[in-house]
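Letter by letter, the chains look like this.
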Amino acid sequence: EKKLPPLIDSASLQKISLLTDSIGCVYSGMGPDSRVLVKKGRKIAEEYYRTYQDPIPVARLVSELASVMQEYTQSGGVRPFGVSLLVAGADETGTHLYQVDPSGSYWAWRASAIGKGMINARTFLE
């Protein structure tokens, strides 16, 4: 288990975030980077809704987030995001789970895990 400095309120740490009413994500890595991506994801979803008057499909939101992450790996003056995401959600085509790496690559999964205990968790899931 990760030890926190004694002055940090552990109740203030949140690794689970809602992007829309039906799409959420968890992260492994740097908290501030995840907050930036959650904010961008919410903005992308809202822009999609305002344009099409329909909730954004999970695959579309994941693709857009992955594009942002990939762009930061090639742009000068900014560093790549130090975070991996698991994005889960439901839309009219069913339920979905995607993993997004800091490089901007993403994959669909039936079940997955990220973070420190990833290997043991994946073994358990298989």
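Overview of the structure.

Basis of the calculations
- Residues numbered from 1 in each chain as written.
- Predicted model: local features only at pLDDT ≥ 70, side-chain atom pairs only at ≥ 80, totals over all residues.
- Heavy atoms only, no water.
- Helix = DSSP H or I, 4+ residues; strand = E, 2+ residues; numbered from the N terminus.
- Rg over C-alpha atoms; globule rule 2.2 N^0.38 Å.
- Contact = heavy atoms within 4.5 Å.
- Areas by Shrake-Rupley, 256 points an atom, 1.4 Å probe, with all protein chains shown as cover.
- Lys, Arg positive; Asp, Glu negative; His and termini not counted.
- Charge placed at Lys NZ, Arg CZ, Asp CG, Glu CD.
- Pairing = 2+ DSSP bridges.
- Axes fitted to C-alpha atoms, helices over the stretch in contact; angles between N-to-C directions.
- Buried < 20%, exposed > 50% of the residue type's maximum accessible area, 1.4 Å probe, protein only.
- Phe/Tyr/Trp six-rings, centres within 6.5 Å; stacked < 30°, edge-to-face > 60°.
- Lys NZ or Arg CZ within 6 Å of the ring centre and 35° of its normal.

## Side note on the overall build of the protein
- Assigned secondary structure in the protein consists of three helices and five strands.
- The secondary structure elements of the protein, listed N-terminal to C-terminal, are β-β-α-α-β-β-β-α.
- For 126 residues, the compact-globule estimate of 2.2 N^0.38 gives 14 Å, and the C-alpha radius of gyration of the protein, at 15 Å, lies within 12% of that figure.
- Dimensions along the principal axes, computed over C-alpha positions, put the protein at roughly 45 × 40 × 30 Å.
- Contacts in the protein between residues far apart in sequence, at least 24 positions, make up 50% of those at least 6 positions apart.
- Per element, the accessible surface of the protein, about 8500 Å² overall, is 54% carbon and sulfur.
- For the protein, the distance from the average position of its 14 positive side-chain charges to the average position of its 13 negative side-chain charges is 8 Å.

## Overview of the sheet that holds strand β2 (residues 23-29)
- Spatially, five strands are ordered β1-β2-β3-β4-β5 in an open sheet, and the strand pairing comes out antiparallel. Of all strands in the sheet, those bounded by a partner on one side alone are β1 (16-18) and β5 (106-108). Averaged over all pairs of adjacent strands, the angle between their axes in this sheet comes to 20°, without regard to strand direction.
- Where β2 lies against strand β3 (residues 83-91), seven bridges are found, and the strand directions are antiparallel. Bridged to valine 26 within β3 is leucine 86.

## Here's the deal with unusual backbone geometry
- Of note in the backbone geometry, glutamine 53 takes a positive phi value of approximately 55° without being a glycine.
- Counting through the fold element by element, glutamine 53 comes out in the loop between α1 (31-52) and α2 (58-74).
- What makes glutamine 53 exposed here is its relative accessible area of 54%.

## Observations concerning the packing of aromatic side chains
- Under the definition given, this model contains three aromatic pairs.
- Ring plane angle 65° and centroid distance 6.3 Å describe the contact between tyrosine 98 and tyrosine 106, whose orientation is recorded as edge-to-face.
- Judged by relative accessible area, which is 11%, tyrosine 98 ranks as buried.
- Looking at lysine 15, its charged tip hangs above the ring of tyrosine 27, at a distance of 4.6 Å from the centre.

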